Amino acid sequence: MSQDSRGEADDPARTEGDLTNTGMSLRHDREWDYELDRIVDAVSERDAETVGLQFPEGLKRRGPRVADDLRSELPDDVSVMISGQPCYGACDLDTYLMRRTDVFVHFGHSPMKESDKIIYVPLFSNVDVFPIMERAVDEELAAADEDADVGLVTTAQHMNKFDEMRSWLEERGYTVHTRKGDERLTHEGQVLGCNYASADVDADQMLYVGGGKFHPLGLAMEHPDKNVVIADPVNNAVSVADTEKFMKQRYGAVHRAMDAEEWGVIFCTKIGQGRWDQAQEIVENNENAYLITMDEVTPDRLTNFGMDAYVNTGCPRITTDDGPQFKQPMLTPQEYRIAVGEEPLEDLAFDTFHGTW
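What counts, and at which threshold
- Residues numbered from 1 in each chain as written.
- Predicted model: local features only at pLDDT ≥ 70, side-chain atom pairs only at ≥ 80, totals over all residues.
- Heavy atoms only, no water.
- Helix = DSSP H or I, 4+ residues; strand = E, 2+ residues; numbered from the N terminus.
- Buried < 20%, exposed > 50% of the residue type's maximum accessible area, 1.4 Å probe, protein only.
- Contact = heavy atoms within 4.5 Å.
- Areas by Shrake-Rupley, 256 points an atom, 1.4 Å probe, with all protein chains shown as cover.
- Pairing = 2+ DSSP bridges.
- Axes fitted to C-alpha atoms, helices over the stretch in contact; angles between N-to-C directions.
- 1 Å grid on protein atoms, 1.4 Å probe; cavity = no way out; pocket = protein on both sides within 12 Å on 5 of 7 lines; lining within 4 Å.
- Points joined across faces, edges and corners; volume = space filled by probe spheres on them.
- Nonpolar A, V, L, I, M, F, W, Y, C, P; charged D, E, K, R; others polar.
- Patch = residues over 30% accessible without salt bridge, like charges linked within 9 Å, V, L, I, M, F, W, Y side chains within 5 Å.
- Salt bridge = Lys/Arg side-chain N within 4 Å of Asp/Glu carboxyl O.
- Lys, Arg positive; Asp, Glu negative; His and termini not counted.
- Charge placed at Lys NZ, Arg CZ, Asp CG, Glu CD.
- Core = buried A, V, L, I, M, F, W, Y, C linked by side-chain atoms within 4.5 Å.
- pLDDT = per-residue confidence, 0-100.
- Arc of directions from axis to C-beta.

### Focus: the overall build of the chain
At step 1: A count of helices and strands for the chain gives twelve helices and 13 strands.
At step 2: Counting over 357 residues, the chain shows a buried share of 53%.
At step 3: Here the analysis covers contacts within the chain between residues at least 6 apart in sequence; of these, 65% occur between residues at least 24 apart.
At step 4: Taken as a whole, the chain presents about 16,500 Å² of accessible surface, with 43% of it coming from carbon and sulfur.

Below you can see the structure in the form of structure tokens.
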């Protein structure tokens, strides 16, 4: 390996972006598998001259090391390029680089749409999920003899343990309900930050195994009839998803937008994040609404437009994660309909994204 980053993994002082000491810890340095052999084979099969590599934000710092290793396995006349574009999911492909390379490799996410052009290399967490699942069963899940039915979901990073998770619960007397969601999801039991179709199962309680609260929060809002228990192996925490604080934020944004006169309607040009029909419908039915195309939606980039409020038809997480950072209200399409009086406030729901491009 051209530069051994094993010392980086052994360093207890983790720097920002280094995932080795968290539940997102990946299998690098031959512990972590970037599937270089598969990439080398694809280059040979396609007689490729150019290779593009795309990494999610937390792994960009590893990009040069992976490129070094790959170059050492490839012919000298093959060029390897690294995407510097922001990347937050399989919906966020660098299409510019993809069009200009013979082999394009997307690391860290499950395929959202299969393509002969793209090689997806999922990178799985090596965290032990079972201690935190044990705590979840002891502290929050109903006992199996009281309610044996439980739905099980996780994120792409933990899909390598999914079958073991299911068996673990079954061994403790639970009837585990799982399903594969719509075409946006690759695996049975997988949830995304924008899609919780895999949670549509016949169980009143759900166990989410994964890092953070965003996914289970969205799940709880999408399925308000379910008790969503969070078993977080990243932060070693067990809790129940509570939507109250989040709902207050969203109600506040809608109320602030009710007096808006001019609306900016954001259409995101990222390949897997655009909802053109929804954006067009809003603009066609509101003469004071203006369609704005953007690849990266940030508060600074919207400031110059000076609109009273905005509607985000791109990734729902722009609204839910970053909404409070925008100077003007940033609403989902449904929240917009509430703000202009087309739907009642009590119908407010979490924004989800279905289908692919």
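Moving on, there is more to tell.
### Focus: the sheet that holds strand β8 (residues 227-232)
At step 1: Pairing is mixed in the open sheet, where five strands are placed in the order β6-β5-β7-β8-β9. Each edge of the sheet is formed by a strand with only one pairing partner; in this case those strands are β6 (175-177) and β9 (237-240). Strand-to-strand, the axes of this sheet are offset by a mean angle of 25°, without reference to chain direction.
At step 2: Both strand β5 (residues 149-154) and strand β7 (residues 205-209) contribute to a ladder of four bridges, which runs parallel.

### Considerations on the pairing of β9
At step 1: Both β8 and β9 contribute to a ladder of four bridges, which runs antiparallel. Paired with V229 across the two strands is V240, which belongs to β9.
At step 2: The antiparallel pairing of β8 with β9 creates a hairpin that spans four residues between the two strands, and N236 there sits at a positive phi of about 55°.

### Comments concerning empty space enclosed by the protein
Rolling a probe over the atoms, with the probe sized like a water molecule, indicates the empty space that remains.
At step 1: Per the stated rule, a full pass over the model turns up three cavities of 30 Å³ or more.
At step 2: Here the largest cavity defines a volume of roughly 40 Å³.
At step 3: Lining the largest cavity are P299, L302, T303, Y310, F326, K327 and Q328.
At step 4: Top element by residues in the lining of the largest cavity is helix α10 (residues 299-303). It accounts for three residues.
At step 5: Split into classes, the residues belonging to the lining of the largest cavity amount to four nonpolar, two polar and one charged.

### Some words on a negative patch on the surface
At step 1: Taken together, the side chains of D33, D37, D41, E45 and E73 define an acidic patch exposed on the protein surface.
At step 2: Of all the elements, helix α2 (residues 36-46) adds the most residues to the negative patch, at three residues.
At step 3: Position of D37 among the secondary structure elements: in helix α2.

### Section: the nonpolar core
At step 1: Within the largest apolar cluster, 36 residues are counted, with the highest numbers of intra-cluster contacts made by V153, M206, L219, W263 and L331.
At step 2: Elements represented by at least two residues in this core include exactly β7, α7 (214-222), β8, α8 (244-257), β10 (263-268), α9 (276-284), β12 (309-312) and α12 (333-339).
At step 3: Setting aside residues up to four positions removed in sequence, V153 forms contacts with F162, G189, V191, S198, A199, M206, L207, Y208, V209 and L219.
At step 4: In this structure, V127, W168, L169 and Y174 belong to the second largest nonpolar core, which totals 24 residues.

### Observations regarding the confidence of the model for the chain
At step 1: Residue-level pLDDT values for the chain average 86, and 90% of them are 70 or greater.
At step 2: Predicted confidence in the chain is weakest over helix α1 (residues 6-10), with a mean pLDDT of 36, and strongest over β6, with 98.
At step 3: Contacts of residues 1-31 to residues separated by more than four positions or lying in other chains number 63 contacts, the stretch itself having pLDDT below 50.

### What about the environment of V265?
At step 1: As for its position among the elements, V265 is in strand β10.
At step 2: Distance from V265 to P333, taken between C-alpha atoms, is 9.2 Å for residues 68 residues apart in sequence.

### Overview of the pattern of salt bridges
At step 1: Summed over all chains, the structure comprises 15 salt bridges.
At step 2: For E139, the salt bridge identified is with R135, shortest N-O distance 3.0 Å. Residue E139 and its partner R135 are located together in helix α5 (residues 130-139), separated by four residues, close to a single helical turn.
At step 3: On the accessibility criterion, E139 (44% relative accessible area) is partly exposed.
At step 4: Among the ionic contacts, a cluster of salt bridges with common partners joins R65, D68 and R71.

### Details of the environment of N236
At step 1: Within the element layout of this structure, N236 appears in the loop between β8 and β9.
At step 2: By relative accessible area, which is 53% here, N236 ends up exposed.
At step 3: Residues N236 and G211 lie 25 residues apart in sequence; the distance between their C-alpha atoms is 8.9 Å.
At step 4: Apart from residues lying up to four places away in sequence, N236 is in contact with I132 and R135.

### Things to note about helix α6 (residues 162-171)
At step 1: Restricting attention to buried positions, one finds in α6 the residues F162, M165, R166, W168 and L169. Down the axis of α6, the buried set is contained in an arc of 160°. They therefore lie on one face. α6 presents D163 and E171 as exposed residues on the side facing more than 90 degrees away from its buried surface.
At step 2: Here the buried face of α6 lies against α5, β5, β6 and β7.
At step 3: At the exit of α6 stands G173, carrying a positive phi of roughly 95°.

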